Structures are given as C-alpha cells and as structure tokens.
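# Inside the fold
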Amino acid sequence: MSDAKTRIDDTVKANDVVLYMKGTKMAPQCGFSQRVAGVLNYMQVDFTDVNVLADEEIRQGIKDYSDWPTIPQLYVKGEFVGGCDIITEMTLSGELDALFAESGVTFDKDAADKIREANG
C-alpha cells in the first residue's frame with residue numbers, strides 16, 4: 001500500500017466524519033468544498049477536514065482511494081459517501097440525517113430541517 005493510501009486509510013478509519021476538501025472547514029478554497037463544509041458546519045457535525053491543496057500525494061491519492069474523480073469527498077465511519085452533488089441531494093432529501101443517525105454521528109436536526117425549508 002502506498003504512503004498516501006495508508007495515510008488516507010488511517011484518517012478515514014480513525015475519524016467518524018472526514019471531508020477531503022480544497023482548503024479547510026473554516027477557509028474553503030473552492031465553491032464545492034465550501035458548500036459541503038458549510039452544510040456540515042451548519043448542522044454542527046464534528047468533522048475532520050483534510051486540505052488536499054496542502055499535499056499533492058493526498059490530492060491524487062484520495063481520487064485513487066475512492067475511485068471518484070472530484071473533490072470534495074465525504075467519508076462517514078470509514079465509508080465513502082460522495083461529493084458535492086450527492087451530499088447536496090442527500091441533505092435535501094433527509095438521507096444525510098438518516099446516515100448520521102444510523103452511524104451515531106451527532107448533528108443538529110433543527111439546522112438540517114432549516115436547510116430543507118430554505119431550499120424547498
């Protein structure tokens with residue numbers, strides 16, 4: 001296993017929620033990363049952010065790891081969930097709430113409902 005793959009594997013398994021993104025949760029550096037981090041922050045999800053712009057090995061490695069070509073990428077309990085479009089759809093449908101609840105991830109249900117109301 002390559003060094004990047006080992007580091008990614010260790011990170012997604014050691015943390016309940018991980019977002020591989022461009023930038024950080026407090027300073028996203030692309031609109032798609034900003035959208036997903038914004039949803040997670042608004043829903044008060046405790047998540048680990050990994051800035052792929054800071055490490056070229058990780059930037060390419062995460063695409064190989066998931067077999068998914070784009071960033072951001074969200075992992076919950078070690079499983080790849082999806083990128084920006086999928087997370088947006090899951091948020092609006094309530095599937096993300098269900099995934100968090102089933103996975104034992106704490107989140108603000110009222111905030112999730114407000115996102116849906118604002119986009120309904």
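Structure: see above.
Not measured: the values here are computed from a predicted model.

## A few points about helix α3 (residues 56-66)
Listed as buried for α3 are I58, G61, I62 and S66. Taken around the axis of α3, the buried residues stretch over an arc of 110°, which confines them to a single face. In this structure, α3 carries E56 and D64 as exposed residues pointing more than 90 degrees from its buried face. Residues of α3 that are buried sit in contact with α1 (3-14), β1 (17-21), β2 (48-51), β3 (73-76) and β4 (79-82). The first or second residue beyond α3 is D67, which carries a positive phi of 60°.

## A short note on the nonpolar core
Proteins that are soluble and globular tend to have nonpolar side chains buried together. In terms of nonpolar packing, the biggest core is built from 22 residues, with L19, L40, M43, V45, L74, L96 and F100 touching the most fellow members. No other element matches helix α2 (residues 31-42), which puts four residues into this core. Setting aside chain neighbours within four positions, we find L74 in contact with V17, V18, L19, L40, E79, F80, V81, G82, I87 and L96. In terms of nonpolar packing, the next biggest core, distinct from the first, is built from eleven residues, V12, V18, Y20 and I71 among them.

## What to know about the sheet that holds β3
One open sheet holds the four strands; their spatial order is β2-β1-β3-β4, and the pairing between them is mixed. Only two strands of the sheet have a single neighbouring strand rather than two, namely β2 and β4. Mean inter-strand twist for the sheet, computed between neighbouring axes without regard to direction, equals 25°. With three bridges connecting them, β3 and β4 associate as antiparallel partners. In the strand pairing of β4, Y75 is matched with F80. Here helix α4 (residues 84-93) sits on the sheet in contact with β3 and β4, set at roughly 80° to β4. Against the sheet, helix α5 (residues 95-103) contacts β1, β3 and β4, and its axis sits at roughly 35° relative to β3.

## Considering the state of the cysteines
This model, assessed by the stated rule, comprises zero disulfides. C84 takes part in no disulfide bond, and the closest cysteine sulfur, belonging to C30, lies 7.9 Å away. Note on C84: relative accessible area 7%, which makes it buried.

Criteria and cut-off values
- Residues numbered from 1 in each chain as written.
- Predicted model: local features only at pLDDT ≥ 70, side-chain atom pairs only at ≥ 80, totals over all residues.
- Heavy atoms only, no water.
- Buried < 20%, exposed > 50% of the residue type's maximum accessible area, 1.4 Å probe, protein only.
- Helix = DSSP H or I, 4+ residues; strand = E, 2+ residues; numbered from the N terminus.
- Arc of directions from axis to C-beta.
- Contact = heavy atoms within 4.5 Å.
- Core = buried A, V, L, I, M, F, W, Y, C linked by side-chain atoms within 4.5 Å.
- Pairing = 2+ DSSP bridges.
- Axes fitted to C-alpha atoms, helices over the stretch in contact; angles between N-to-C directions.
- Disulfide = S-S within 2.5 Å.

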